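Coordinate inspection notes
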Amino acid sequence: MPSRRNVITFIALGLLAGLSPAHAQGPAEQPAKLPVVATFSILADLARNVGGDRVEVISLVGPNGDPHVYQPSPEDAKNLNAAKLILVNGLGLEGWLDRLIKASGAKAPIVVATKGIAPRKMEEDGKIGLDPHAWQSIPNAEIYVANIRDGLIAVDPSGADAYRANASAYLAKLADLDEEVRAALAKIPPERREIITTHDAFGYFGEAYDFKFIAPEGVSTETEASARDVAKIIRQIKAEKIPAVFLENVTDPRMAKRIAEESGATIGGALYSDALSPPDGPAANYVDMMRNNIKQLTAALAN
């Protein structure tokens, strides 16, 4: 018959054995991050700011990529299928997306980030349609953030407090950025707030900040301007004394350079329109993108 001491020892060992697995595991493992797919790099950056550490965001169209003409890959279909939330711009930007979603078998909810934004109209390829570049207005970007926040809360209610806090902090940052942009543009004389860009991506910026951007009519990133288009632009520059031509990071720079050479207008620095730069570039996130564009505009036009 076992002694009283042995019985106590057995009990103690049993208790330690029951506790040992927890001790063996060490610190509790972090929960898996919510897989989110955004269609292009600017939208992905906004999502990362709202989602924070709770999300893993994949951008289908990467830095310096053109979402108008993107060709999806098999990897994109795989990422969409695994996503718990899909973020899209809407307003006709991603013409390739519906086919990709269907092919991928994706079942995740889709958030249209431009929901609630009053769209402006634009001419492209000779047709009147909706202008999808709403993010170029910071007040519109704030609407994107609110839609992303609500979409994340809907699929991950346990993270609601975190998403709300992240969104509030980022919205405050965007409000400061909006003031910064307005203060910088105030240094440009009103008569010099008219420039040529290589495609019509800055209409919302122009409306928000009292600026006129002129792009070749009927020309998109999917088409090239004809000799007649170029000649018309050159005549317009000379007639209206437009001071500068700006390149964009998603378009072929040769047309803008030719226009500048033949018109005498200054070539401004690169403006980021539809995509961010790589991480080591001047527009690695939305805030830096807007600051870069303002820097380029003021450098060419403020004096």
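Throughout this document, residue positions are counted from 1 along each chain, in the order its sequence is written. Reporting in this predicted model follows two pLDDT cut-offs: at least 70 for local features of residues, and 80 or more for side-chain atom pairs to be given and counted; totals over whole chains, interfaces and linings ignore these cut-offs and use all residues. Hydrogens and water are ignored here; the side-chain numbers use all heavy atoms of the structure.

Here we take up the overall build of the protein chain. The numbering of helices and of strands both runs from the N terminus, where a helix is a DSSP run of H or I of at least 4 residues and a strand a run of E of at least 2. Summing up its helical and strand segments, the protein chain has ten helices and ten strands in all. Buried, partly exposed and exposed residues are distinguished by accessible area as a fraction of the type maximum, computed with a 1.4 Å probe on protein chains only: under 20%, between the cut-offs, and over 50%, respectively. The 303 residues of the protein chain split such that 48% are buried. For the protein chain, the proportion of contacts with a sequence separation of at least 24, taken over those separated by at least 6, is 66%. Shrake-Rupley sampling with a 1.4 Å probe provides the accessible areas, and residues are treated as covered by the protein chains on show and by no other component. Surface exposure of the protein chain reaches about 15400 Å², of which carbon and sulfur atoms provide 53%. The contact criterion used throughout is that any non-hydrogen atoms of two residues lie within 4.5 Å.

Axis lines are fitted through C-alpha atoms, for helices just across the contact stretch, and the angle between N-to-C directions can take any value from 0 to 180 degrees. Their axes nearest at 10 Å, the elements helix α8 (residues 227-240) and helix α9 (residues 254-263) cross at an angle of 45 degrees. When the axis of α8 is compared with that of α9, the two are oblique. Regarding α8 and α9, the two cross each other, and that crossing is right-handed. Counted together, Val230, Ile233, Ile234, Ile237 and Lys238 of α8 and Met255, Arg258, Ile259, Glu262 and Ser263 of α9 form the full contact between these two elements. Amino acids outside the nonpolar list (Ala, Val, Leu, Ile, Met, Phe, Trp, Tyr, Cys, Pro) and the charged list (Asp, Glu, Lys, Arg) are all regarded as polar, and Gly is one of them. Its residues assigned to classes, the contact of α8 with α9 comprises six nonpolar, one polar and three charged. We call two directions roughly parallel when the angle between them is under 35 degrees, roughly antiparallel when it is over 145, roughly perpendicular when it lies between 65 and 115, and oblique otherwise. In a left-handed crossing the near helix is turned counterclockwise from the far helix by less than a right angle, and in a right-handed crossing that turn is clockwise.

By way of backbone hydrogen bonds, the strands of a sheet pair with one another, either parallel or antiparallel. What makes two strands pair is DSSP finding at least two bridges between them. Spatially, β8-β7-β9-β10 is the arrangement adopted by the four strands of the open sheet, whose pairing is parallel. Bordering the open sheet on either side are β8 (212-214) and β10 (266-271), each of which pairs with just one other strand. Across the sheet, the mean angle separating the axes of adjacent strands is 35 degrees when strand polarity is ignored. In this structure, strand β7 (residues 194-197) lies alongside β8, joined through three bridges in parallel fashion.

Within the secondary structure, lysine 33 sits in the loop between α1 (4-25) and β1 (34-40). With 24 residues separating them along the chain, lysine 33 and valine 57 place their C-alpha atoms 9.3 Å apart. Excluding its chain neighbours within four sequence positions, the residues that come into contact with lysine 33 are Asp53, Arg54, Val55 and Glu56.

This part is about the packing of aromatic side chains. Two aromatic rings from Phe, Tyr or Trp, using only the six-membered ring of Trp, form a pair when their centres are within 6.5 Å; if the ring planes differ by under 30 degrees the pair is stacked, by over 60 it is edge-to-face, and anything between is tilted. Using the criterion set out here, one finds seven aromatic pairs in the structure. Each ring, one from phenylalanine 205 and one from phenylalanine 211, has its centre 6.3 Å from the other, and the planes form 75 degrees; the classification is edge-to-face. The class for phenylalanine 205 is buried, based on a relative accessible area of 2%. The class for phenylalanine 211 is buried, based on a relative accessible area of 7%.

Below, the discussion takes up unusual backbone geometry. In this structure, leucine 91 is a non-glycine residue whose phi angle is positive, near 60 degrees. Phi is positive for aspartate 210, which is not a glycine, with a value near 55 degrees. Here aspartate 210 shows up in the loop between α7 (203-209) and β8. Residue classification places aspartate 210 among the exposed residues on the basis of a relative accessible area of 56%.

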